[in-house]
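Here is what each chain is made of, one letter per residue.
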Amino acid sequence: MDWLAASSGNSGEASPRSSTLKRKKSAVQDARLLVLGPSAVGKSAVVVRFLTKRFIGEYDHSSEIKYKHTVVIDQENVVFEILDSCSSEKITEDTFEEHMKWADGIVLLYAITSFKTFELVKKLSKRLQEHRRSNYMTPMILLGNKRDMSHVRQVTKIQGEHLSHELNCLFAEVSASEDATEIADAFLNLYREIQNSKRRSRTFLDKVFGSLGTKSKN
Ligand SMILES: Nc1nc2c(ncn2[C@@H]2O[C@H](COP(=O)(O)OP(=O)(O)OP(=O)(O)O)[C@@H](O)[C@H]2O)c(=O)[nH]1
């Protein structure tokens, strides 16, 4: 796997403005990821792990933060824009809608140590599915974080897998505190899914407009 951090940095945009969020969908080598989940599931820890390969135990921020991070994948620079959102309970419907329009892919987190967060994610996923349906089924990965705390787990791996099947998305259990590789893999897999989805939608458009073009010539 070719997975090298080329550069990274906080874009310094706390609470990104809607003008930024409403930009056109990005090209393939540019992926916009929305990180969602209830409070204290480890959203910031996972994002910071991906960006810096380090675990930061207490990450204090009250508003959402957007990062830019360049990674070399298959000899190509891929620019990730990552929006570490506030806890899902606090996101208003308007903001949620804006974020969904902006995102190429979604990282949805719960903590395996808290059944409550799993229930909140299920509730949130109902909201998500409505938007994903109107949004070409935005690719998504469901992450059960805090796997290092398996001895106090409240959500089984099978329950996580089950939910991912219902949501038609990728799934992994990870530990932001212990493992950088599996988090990098999770982001890589989501990126690949985004690429595949863009390819499928281009092929579909080519078929529709290609055949229209052919018809008009005859
Ligand atoms: N044991 C363990 N603790 C973790 C892990 N990931 C995060 N934590 C801890 O969980 C707590 C919450 O982590 P955050 O990254 O702030 O969680 P968040 O989802 O961004 O929280 P909000 O900002 O409230 O939405 C912190 O005390 C972290 O140290 C993990 O993989 N394992």
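All values derive from a computational prediction rather than experimental measurement.

(A) Representation of helix α5 (residues 157-167) in the model. Inspection of α5 places G160, L163, S164 and L167 among the buried residues, and these make up the whole buried set. Summarising the axial view, the buried residues of α5 lie within an arc of 100°, below the 170-degree limit, and thus occupy one face. Of the exposed residues in α5, the ones pointing more than 90 degrees away from its buried face are I158, H162, H165 and E166. Remark: N168 follows α5 within two positions and exhibits a positive phi of approximately 55°.

(B) Region of the structure containing helix α2 (residues 43-52). Judged by how many residues are buried, α2 sits mostly within the fold: nine of ten residues are covered. K43, S44, A45, V46, V47, V48, R49, F50 and L51 are the residues of α2 that are buried. After α2 finishes, the residue K53 shows a positive phi value of roughly 65°.

(C) Fine view of the site of the ligand. Neighbouring the ligand are 19 residues; K43, G57, E58, D148 and A176 lie closest to it. Here an oxygen atom of the ligand sits 2.6 Å away from a polar atom, N or O, in the side chain of K43. Within the side chain of D148, an N or O atom sits 2.8 Å from a nitrogen atom of the ligand. In a pocket analysis with a 2 Å cut-off to the grid points, the ligand is assigned to the largest pocket.

Scoring rules and cut-offs
- Numbers given to residues run from 1 along each chain, matching the order in which its sequence is written.
- With pLDDT at 70 or above as the cut-off, local features in this predicted model cover only qualifying residues; side-chain atom pairs require 80 or more to be listed or tallied, and sums for whole chains, interfaces and linings still use all residues.
- Hydrogens and water are ignored here; the side-chain numbers use all heavy atoms of the structure.
- Each residue gets one of three labels from its accessible area relative to the maximum for its type: buried under 20%, exposed over 50%, partly exposed in between, using a 1.4 Å probe on protein chains only.
- What counts as a helix is a DSSP run of H or I of at least four residues, what counts as a strand is a run of E of at least two, and both are numbered from the N terminus.
- The directions from the helix axis to the C-beta atoms are what the arc is built from.
- A single heavy atom is enough: if one lies within 4 Å of a molecule or strand, its residue is considered near that molecule or strand.
- In protein, a polar contact means a hydrogen-donor-capable atom and an acceptor-capable atom, both N or O and within 3.5 Å, with residues adjacent in sequence counting only if both atoms are side-chain atoms; elsewhere, any N or O pair within 3.5 Å suffices.
- Think of a 1 Å grid over the protein atoms and nothing else: a 1.4 Å probe that fits but is trapped marks a cavity, an open set flanked by protein within 12 Å on at least five of seven lines marks a pocket, and residues with an atom within 4 Å of a point count as lining.
- What decides whether a molecule sits in a cavity or pocket is whether more than half of its atoms lie within 2 Å of the grid points.

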